[in-house]
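What the coordinates show
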Amino acid sequence: MTADPETLHLAHELTRAAERHLLCGEEAQAVSCLERVAAREPEGDLDLGRARAHALVRLGDLAQTRGDKELALGRYRAAASAREALLADAPGDPLLGQEVASADNRVGDMLAELGRVSRAQACYADTVARATAAFPDLVAHPLLAREVSFAYQRAGDLHLDAGRRLLALGYYNIGHGMAETLLEAHPELDLLASDLSVSANRLGELFLLMGQQERALGALEASVAAVERLLQADPTRADLARDWTVSVNRLGDLLAGQGQQEPAMELYMRTVQAARPVVEAQPHQTPLAHELSYAYQRMGDLCLGQGDPHQALAHYAEALEISQRLQLSHPERTDLCLNLSVIYNRVGDAHAQLGDPPACFRSYDAVVTLAAPVLEREQHRVDLGRELAYALQR
């Protein structure tokens, strides 16, 4: 059955209007438009059903951004159910398969954020089972296959969070193997190179936790190489720059931990050279800006460790400027509060080396002012509590 063309046209117009409202910061108007689309029954029309499911996903995204995780979960579940119904009417459609898997993964992500870990794991397992049963030749459908790869990696994340490192390694290896196979089969898809970089970086982080430094080094180098060629071809790509700088920074951390300070400093400088022009042109790119701030902080740490507090303060000043802007733009994000607290503590340490007690006090007091209110509402944040305790002790 085909819906009235005017009905489908209106759904598309409302969806486009919602995105325009979001660009103008008019979230309430955007939500109103999307809710009108989500309220329409598809009546057997595939295109209208897709538009409705897309509206539900966007409503979930907006709810998640507002911090309403339960509402977001409900929206994602509704989108997943809607897409499953569409796929039942059109079995064998790989695009619909990918859309179902994407919605299922979003449900799993939200369950994980809400602490319902076993249900999240079951959701990721469903993503894998449904996709592999309906589409045995996954490699021929790269967009669907990458959702399956994501499901394996996110399941690995949950095992890692629970301290089950060997299980996490098993899931990461499967996800990484899929990412490698997909890129080999579809080298024309740039996003697959980015996926490979992210999966290799996950492996590198895990190998570091397991004390397997050589394997960590190999994984992180592979992560850097996966996107370096693409980034050189288009250095303005913020998504590629972010993936690349994450791996470069972690590789720098690994070398610094091995006492190779000069190569580590060179890697952090490479992050600065790649990320700074993009962040200056696109200041809303929060993940990339965070990596840029982190690189400056780590350069400051190396200088401070070498007994050069003046140069350390110069690097910390750059990190501080970026992190302050990010925290002011996203005051609800505890991770940004943590990053800023770490930098303030480092600045205090640098002033201590210079023998400047008033400047020390100002920096450590900034941590107290910033972190204490956050910890009152999020007492489980041990990492932020550690920074607050350090500032109070100093």
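Residues numbered from 1 in each chain as written. Predicted model: local features only at pLDDT ≥ 70, side-chain atom pairs only at ≥ 80, totals over all residues. Heavy atoms only, no water.

Right, let's get into helix H17 (residues 382-393). For H17, built from 12 residues, the straight-helix expectation of 16 Å at 1.5 Å per residue is met to within 8% by its first-to-last C-alpha distance of 16 Å. Considered for burial, the residues of H17 that qualify are Leu384, Glu387, Leu388 and Ala391. The arc that holds the buried residues of H17, viewed along the axis, is 100°, so those residues lie on one side. Along H17, the residues that are exposed and aim more than 90 degrees away from the buried face are Val382, Arg386 and Gln393. Residues of H17 that are buried sit in contact with helix H15 (334-353) and helix H16 (357-377). (Helix = DSSP H or I, 4+ residues; strand = E, 2+ residues; numbered from the N terminus. Expected span 1.5 Å × (residues − 1). Buried < 20%, exposed > 50% of the residue type's maximum accessible area, 1.4 Å probe, protein only. Arc of directions from axis to C-beta. Contact = heavy atoms within 4.5 Å.)

Here the focus is the side chain of Gln98. Tracing the backbone through its elements, the reader meets Gln98 in helix H5 (residues 94-113). Take Gln98: its relative accessible area is 16%, and that puts it in the buried class.

Moving on, we come to the packing of aromatic side chains. The way to describe two aromatic rings as a pair is by their centre distance and the angle between their planes. Enumeration over the complete set of coordinates arrives at two aromatic pairs. Aromatic side chains Tyr152 and Tyr171 sit 6.3 Å apart centroid to centroid with 40° between the ring planes, which places their arrangement in the tilted category. Here Tyr152, found in helix H7 (residues 142-161), pairs with Tyr171, found in helix H8 (residues 165-185); they are 19 residues apart in sequence, far enough to count as distant. On the basis of relative accessibility, which here comes to 27%, the residue Tyr171 falls in the partly exposed class. Aromatic pair Tyr364 and Tyr390: ring centres 6.4 Å apart, planes at 75°, arrangement edge-to-face. Of this pair, Tyr364 sits in helix H16 while Tyr390 sits in helix H17, and the two are 26 residues apart along the sequence. Looking at Tyr364, the relative accessible area reads 6%, which means it is buried. The exposure class of Tyr390 is partly exposed, given its relative accessible area of 28%. For Arg250, the ring lying beneath its charged end belongs to Tyr294, and the centroid distance is 5.1 Å. (Phe/Tyr/Trp six-rings, centres within 6.5 Å; stacked < 30°, edge-to-face > 60°. Lys NZ or Arg CZ within 6 Å of the ring centre and 35° of its normal.)

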